[in-house]
Amino acid sequence: MTVSSDDLRQWMRQWASGVTLVTAHDGRGPHGMTVSSFTSLSLDPPLVMISLEQGARTHQMVREGGRFAVVMLTADQQDLAERFSGGVADSDPRFAGIPYHRSPGGAPIPDLRLAYLDCRVVDSHSAGTHTIFIGQVIGGESADSGAPLLYYNRGYRRIAGPE
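Residues numbered from 1 in each chain as written. Predicted model: local features only at pLDDT ≥ 70, side-chain atom pairs only at ≥ 80, totals over all residues. Heavy atoms only, no water.

### Structural notes on the sheet that holds strand S10 (residues 130-142)
Part 1: With antiparallel pairing, the 7 strands of this open sheet are ordered in space as S3-S2-S6-S9-S10-S5-S4. This sheet does not close on itself; its edge strands, each paired only once, are strand S3 (29-35) and strand S4 (38-43). The mean inter-strand angle of the sheet, taken between neighbouring strand axes irrespective of direction, is 35°.
Part 2: With 6 bridges connecting them, strand S6 (residues 67-72) and strand S9 (residues 115-127) associate as antiparallel partners. (Pairing = 2+ DSSP bridges. Helix = DSSP H or I, 4+ residues; strand = E, 2+ residues; numbered from the N terminus. Axes fitted to C-alpha atoms, helices over the stretch in contact; angles between N-to-C directions.)

Here it is, written out as structure tokens:
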């Protein structure tokens, strides 16, 4: 059996995932993109993995700068997820009008979020059209409360019931 990209897309629609932004900063300013390909790899040392499309501006910034942040979005931030997934073109300033501060590692962090991880790239691997970046978590912060934004079967979702 030959598996096509359409087959894989259809099957992966059945996987629910949290919605994050991967952000970075360079001489042109802050930028980022919506990413669901994110996971924890190790607690000691603290490592995470992200996968970024090689043609994306954020990919270039992470590769060249060696730093990034993973920003976990709240259930009320669908508009931000859409903005960073193409609602604002990759070449345009996606942070325009969004209050943010910079992490100790230099990545832009929206003032409103569920949590963020400040990361330093320790390894990378080319994988098809993407690059897998392994980042050592050098800091972070989480909100006292809130529910995550989820993505499932081509739509944004919320956890049912109380937080």
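### Things to note about the side chain of serine 17
Part 1: In this fold, serine 17 is placed in strand S1 (residues 17-18).
Part 2: If sequence neighbours within four positions are ignored, serine 17 has contacts with Ser36, Leu149, Leu150 and Tyr151. (Contact = heavy atoms within 4.5 Å.)

### Notes on the confidence of the model for the chain
Part 1: Looking at the chain, pLDDT values average 93 and 98% of them are 70 or higher.
Part 2: Per-element mean pLDDT across the chain ranges from 88 in helix H1 (residues 5-12) up to 98 in S6. (pLDDT = per-residue confidence, 0-100.)

### Describing the pattern of salt bridges
Part 1: Overall, the coordinates contain 5 salt bridges when judged by the stated rule.
Part 2: Here aspartate 76 makes a salt bridge to arginine 158, at a shortest N to O gap of 3.0 Å. Remark: arginine 158 occurs in the segment after strand S12 (155-157) and aspartate 76 occurs in the loop between S6 and helix H3 (78-87); sequence separation between them is 82 residues.
Part 3: Using a relative accessible area of 53% as the deciding quantity, one classes arginine 158 as exposed.
Part 4: The salt bridge involving arginine 113 is made with glutamate 141; its shortest N-O contact spans 2.3 Å. Placement of arginine 113 in the loop between strand S8 (108-110) and S9 and of glutamate 141 in strand S10 is noted, with a sequence separation of 28 residues between them. (Salt bridge = Lys/Arg side-chain N within 4 Å of Asp/Glu carboxyl O. Buried < 20%, exposed > 50% of the residue type's maximum accessible area, 1.4 Å probe, protein only.)

### Quick word on a nonpolar patch on the surface
Part 1: Residues Met1, Val3, Leu8, Trp11, Met12 and Trp15 make up a contiguous nonpolar surface patch of about 770 Å² in total accessible area.
Part 2: For methionine 12, the location among the structural elements is in helix H1. (Patch = residues over 30% accessible without salt bridge, like charges linked within 9 Å, V, L, I, M, F, W, Y side chains within 5 Å. Areas by Shrake-Rupley, 256 points an atom, 1.4 Å probe, with all protein chains shown as cover.)

### Some thoughts on the sheet that holds S12
Part 1: The sheet built from 3 strands is open, its strands ordered S1-S11-S12 with antiparallel pairing. Of all the strands in the sheet, the pair left with one neighbour each is S1 and S12.
Part 2: As paired elements, strand S11 (residues 150-152) and S12 share 3 bridges and run antiparallel to each other. Bridge pairing in S12 places tyrosine 152 opposite glycine 155.

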